Amino acid sequence: MDYKFPSEFMFGASTASYQIEGAWNENGKGENIWDHLVHNRPELIKDKTNGDIACDSYHKYKEDIALAKHLNLKFYRFSISWARIVPSGEVNSLNLDGIAYYNRLIDELIANDIIPFVTMYHWDLPQYLQDLGGWVNPIMSDYFKEYARVLFTHFGDRVKWWITINEPMEVCQGYANKGYAPYLHLKNTGYYLAAHTLLIAHGKVYRLYENMFKSQQKGNISISINGVFFIPKNADSPEDIKTAERANQFERGWFSHPVYKGDYPPVMREWVDKKSLDEGRPWSTLPKFTDYEIELIKGTADFYALNHYSSRLVTHGSDPKYNYNPDAEYATSVDESWPISPEAPWIAVVPDGLRQLLIWLKNEYGNPPLIITENGYGDNGQLNDFDRINYLKGYLHATLQAIHEDNCNIIGYTVWSLLDNFEWMYGFSTHFGIVKVDFNDPHRSRTPKASYTFFKNVVATRQLTTDTYTRIQSTEL
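Owing to the predicted nature of the structure, the values given are computational and were not obtained by experimental measurement.

**Some points on the sheet that holds strand 9 (residues 330-333)**
Read across the sheet, 3 strands follow the order 6-8-9 without closing on themselves; strand pairing throughout is mixed. The outermost strands of the open sheet, each flanked by one partner alone, are strand 6 (229-232) and strand 9. Put simply, the sheet's adjacent strands are angled 45° from each other on average, direction ignored. Pairing of strand 8 (residues 311-316) with strand 9, which is carried by 4 bridges, proceeds in the antiparallel orientation. Residue pairing across strands places Val314 opposite Thr332, the latter belonging to strand 9. Those strands touched by helix 14 (residues 351-365) are strand 6 and strand 8, and its axis lies near 100° from that of strand 6.

Structure (structure tokens):
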């Protein structure tokens with residue numbers, strides 16, 4: 001079936017401040033945890049690069065908006081650098097130059113009929129707040145609330161779509177297992193403490209908006225939740241089916257369940273409490289919400305924001321090779337038939353995994369309106385990026401199936417990313433953009449790839465055509 005995306009369906013592209021902006025210390029911006037990591041421990045980044053200049057989008061934002069405009073995107077998802085707005089993280093000292101920059105960016109988007117879709121926090125905590133303990137310190141939820149108040153006050157008249165926190169699970173990896181900045185190794189104690197604070201921070205921001213701004217600004221708020229989808233390794237095995245469900249609750253229910261149902265998933269509470277008891281701990285490593293906090297967090301999503309790239313087969317066991325939660329006791333693998341990205345080997349191409357995930361979310365949380373806020377493919381940067389086109393075509397087809405055959409309430413899709421950018425611990429060694437950025441060129445020249453033309457055609461026709469898209473050649477604007 002040649003399904004079409006509904007007429008009201010929204011297409012967008014996603015970026016993040018540290019990954020594209022550069023200008024790391026210009027015009028009053030403070031140091032954040034990524035600035036601190038890459039400058040003090042450059043050897044930790046795969047190619048020893050940093051985001052000091054990145055795509056130089058701080059200076060070239062109009063060029064990037066023109067690229068989005070040429071795609072006829074409905075929205076552009078970007079993140080605001082906390083340290084550019086509030087250099088130390090404390091709102092008693094605002095950086096007016098930073099506020100002015102984002103005002104220019106937002107106004108330029110609106111002038112080009114593109115909806116600004118704003119992420120408040122995409123991993124770049126001001127270093128001063130990290131020195132106070134970062135996300136494992138409960139007071140961080142109040143710092144975040146006051147930062148959000150600044151954003152609502154200065155930008156909320158024009159911004160109607162907000163993400164509070166991008167991929168909280170990955171934020172927590174930076175505290176648990178040296179996954180990302182701040183590069184700590186606090187194991188599951190840090191993992192759960194950081195998550196607990198993040199969820200309370202999200203709840204406080206949502207309630208602040210609800211009580212102080214929503215009646216006038218009329219915007220929508222959510223939290224972007226990520227994770228692979230876990231599929232039973234043996235579809236006929238009751239134990240594998242049970243393990244896959246447990247893995248999905250530990251990975252996705254961890255943040256979704258408190259928002260949609262109140263409190264952590266029961267299976268997560270049961271397993272972590274038991275593990276803590278078996279280890280002789282005086283209390284569980286998974287903190288407990290108070291009744292007030294449960295009510296604070298429950299119901300704090302106006303839409304479900306999903307970041308998704310890949311899936312895994314799962315069975316009961318342990319998985320020391322990967323940073324999956326050992327408390328959940330599951331081992332992962334990939335099917336031999338699944339293509340693997342050579343440059344981003346954590347991406348196994350499993351479009352049906354996205355469809356199954358969308359059905360899982362529909363059944364678990366009452367079919368909320370859902371926007372795929374990230375989905376994309378990493379390669380070595382070639383212009384004729386046919387593997388990316390195949391990936392996008394597969395995942396967009398799975399999205400269409402979920403809409404038309406499974407009645408999933410999906411209202412938008414966002415490609416990651418508009419631009420090649422600084423991919424965290426991978427540096428510039430992996431490329432996710434549909435636009436190539438030449439990082440050897442001081443001007444950071446942009447060149448649309450074949451996938452850019454492919455995606456432009458999808459947006460224009462609202463469907464996946466049967467044309468031989470592999471003949472698409474990249475073209476200059």
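**A few points about helix 2 (residues 33-40)**
Helical geometry: 3.6 residues make up each α-helical turn, so side chains three or four residues apart lie on a common side. Those residues of helix 2 lying buried are Ile33, Trp34, Asp35, Leu37 and Val38. Buried residues belonging to helix 2 abut helix 1 (17-20), strand 3 (115-121) and helix 6 (127-131).

**Some remarks on the packing of helix 7 (residues 140-155) against helix 9 (residues 187-212)**
Interaxial distance between helix 7 and helix 9 falls to 8 Å at its minimum, and their mutual angle equals 35°. Considering how the two elements wind past one another, helix 7 and helix 9 form a crossing that is right-handed. Here Met140, Ser141, Asp142, Phe144, Lys145, Ala148, Arg149 and Phe152 of helix 7 lie close against helix 9, whose contacting residues are Thr197, Ile200, Ala201, Lys204, Val205, Leu208, Tyr209 and Met212. Tallied by class, the residues present in the contact of helix 7 with helix 9 amount to 10 nonpolar, 2 polar and 4 charged.

**Here's the deal with the sheet that holds strand 10 (residues 370-374)**
Across a sheet, strands are paired by hydrogen bonds formed along the backbone, either parallel or antiparallel in direction. Spatially, 8 strands are ordered 1-2-3-4-5-7-10-11 in a closed barrel, and the strand pairing comes out parallel. Going from strand to strand, the sheet's axes swing by 25° on average, the running direction of each strand aside. Across 5 bridges, the pairing between strand 1 (residues 10-14) and strand 11 (residues 410-416) is parallel. Looking across to strand 11, one finds that Ala13 is bridged to Val415. Contacting strand 3, strand 4 (161-166) and strand 5 (220-226), helix 7 runs over the sheet at an angle of about 160° to strand 3.

Cut-offs used in this document
- Residues numbered from 1 in each chain as written.
- Predicted model: local features only at pLDDT ≥ 70, side-chain atom pairs only at ≥ 80, totals over all residues.
- Heavy atoms only, no water.
- Pairing = 2+ DSSP bridges.
- Helix = DSSP H or I, 4+ residues; strand = E, 2+ residues; numbered from the N terminus.
- Axes fitted to C-alpha atoms, helices over the stretch in contact; angles between N-to-C directions.
- Contact = heavy atoms within 4.5 Å.
- Buried < 20%, exposed > 50% of the residue type's maximum accessible area, 1.4 Å probe, protein only.
- Left-handed = near helix turned anticlockwise from the far one by under 90°.
- Nonpolar A, V, L, I, M, F, W, Y, C, P; charged D, E, K, R; others polar.

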